[in-house]
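# Report on the structure
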Amino acid sequence: MRDYLFALLCISLFVCTSCSLKYREETQAESTNPEFIFTDAQIEQIENNKKTLSVKASLIEKYKNSDNSFAKDVDFKTFEKDGSLESEGKCDYLKMNSQVSEYEMYDNIQLFSKKHNAFFYSDVIKWNGKTEQLISGRNQTVKVKKDDTTIIGSGFSASGVTGKYQFTGVVSGVIEDSKENDVVESNTVSDLELNGDSD
């Protein structure tokens, strides 16, 4: 009888452990494999019967237990309430969390703000839609082109609310005076405005 109970206990432990291991494998597979995959995706966001966002991507992945989505080869446009272009851009990779309005762009980033007539180039930029802040990493280089001014620096941040941007790291730049064809170089620019109201 004792041998029978011992054998039953061993079989029970084996079955319980096997189920537990299989469950862990399925749970791990759910978290590492996308729940949805879209290829050659074209997505439009409509609010109050007006297009506010248009996104094209070669690949979009959404995971089951995550608020994050990931996209590859992304082109996007945002629109004003009147339907006119607000901004447009592209990047190789995009991480999106629409629940908290945070977007991280990676590799070959090109952004254009029509409102500010400014171009931004980098390999890592983050956008917070709630605070309307565009930021780079402390050591990440960002190039800004506006009119006849080109500035390259690190520690970049910009406010969509105030229209100001700044660099906290090393900065270099070229300002061309198209009236007199003079070129002014600087490495001390730290706080400028995108809307052209700076002194």
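The coordinates are above.
## Some remarks on the overall build of the chain
Scanning the chain for helices and strands turns up one helix and 14 strands. A total of 199 residues make up the chain; the buried ones form 27% of that total. Partitioning the intrachain contacts of the chain with sequence separation of at least 6 by distance along the chain shows that 34% fall at a separation of at least 24. By element, 50% of the accessible surface of the chain is carried by carbon and sulfur atoms, the whole surface being about 13600 Å².

## Points about the environment of Ile175
Turning to its location among the elements, Ile175 is positioned in strand 12 (residues 171–177). Classification of Ile175 by relative accessible area gives partly exposed; the value is 39%. Along the primary structure Ile175 and Asp148 are separated by 27 residues, whereas in three dimensions their C-alpha atoms are 5.9 Å apart.

## A short note on the pattern of salt bridges
On inspection of all chains with the given rule, the structure shows two salt bridges. Note that Lys51 is salt-bridged to Glu44, the shortest N-O span being 3.5 Å. With a shortest N-O distance of 3.4 Å, Asp147 and Lys146 are connected by a salt bridge. Here Lys146 falls in the buried class, since its relative accessible area comes to 13%.

## So, the packing of aromatic side chains
For the coordinates displayed, the defined rule picks out seven aromatic pairs. Ring geometry for Phe112 and Phe119: centres 4.6 Å apart, planes at 35°, overall tilted. Taking 5.7 Å as the distance between ring centres and 55° as the angle between the ring planes, the aromatic pair formed by Phe120 and Phe156 counts as tilted. With a gap of 36 residues between them, Phe120 in strand 6 (residues 118–128) and Phe156 in strand 10 (residues 156–159) connect regions that are remote in the sequence.

## Digging into the pairing of strand 5 (residues 102–113)
Relative to strand 5, strand 4 (residues 85–97) runs antiparallel, the two sharing nine bridges. In the strand pairing of strand 5, Met96 is matched with Tyr103. Hairpin connection from strand 4 to strand 5: four residues lie between these consecutive antiparallel strands, with Ser101 at a positive phi of about 55°. Hairpin connection between strand 5 and strand 6: a loop of four residues separates the two successive antiparallel strands, and Asn117 in this loop has a positive phi of roughly 50°.

## What to know about the environment of Gln42
When you line up the elements, Gln42 lands in strand 1 (residues 36–47). By relative accessible area, Gln42 is classed as exposed at 63%. Put simply, Gln42 and Ser58 are 16 residues apart on the chain and 8.9 Å apart in space, counted from C-alpha to C-alpha. The residues contacting Gln42, other than those within four sequence positions of it, are Val55 and Lys56.

Parameters at a glance
In every chain, residue numbers begin from 1 and rise along the written sequence. For a predicted model such as this one, the threshold for reporting local features is a pLDDT of at least 70, and the threshold for listing and counting side-chain atom pairs is 80 or more; totals across whole chains, interfaces and linings nevertheless cover every residue. Here the side-chain values reflect all heavy atoms present in the structure, with hydrogen atoms and water set aside. Each helix is a run of H or I in the DSSP string that is no shorter than four residues. Each strand is a run of E no shorter than two, and both are numbered from the N terminus. Think of it in three bands: with a 1.4 Å probe and only protein chains considered, a residue is buried below 20% of the maximum accessible area for its type, exposed above 50%, and partly exposed in between. Any two residues having at least one pair of non-hydrogen atoms within 4.5 Å are treated as being in contact. Residue-level accessible areas treat just the shown protein chains as cover; the underlying method is Shrake-Rupley with a 1.4 Å probe. Here, a salt bridge means any Lys or Arg side-chain nitrogen found within 4 Å of an Asp or Glu carboxyl oxygen. Paired rings are identified among Phe, Tyr and Trp, the last through its six-membered ring, by centres lying within 6.5 Å, and are further divided according to the angle between planes into stacked (under 30 degrees), edge-to-face (over 60) and tilted (the rest). Whether two strands pair comes down to DSSP finding at least two bridges between them.

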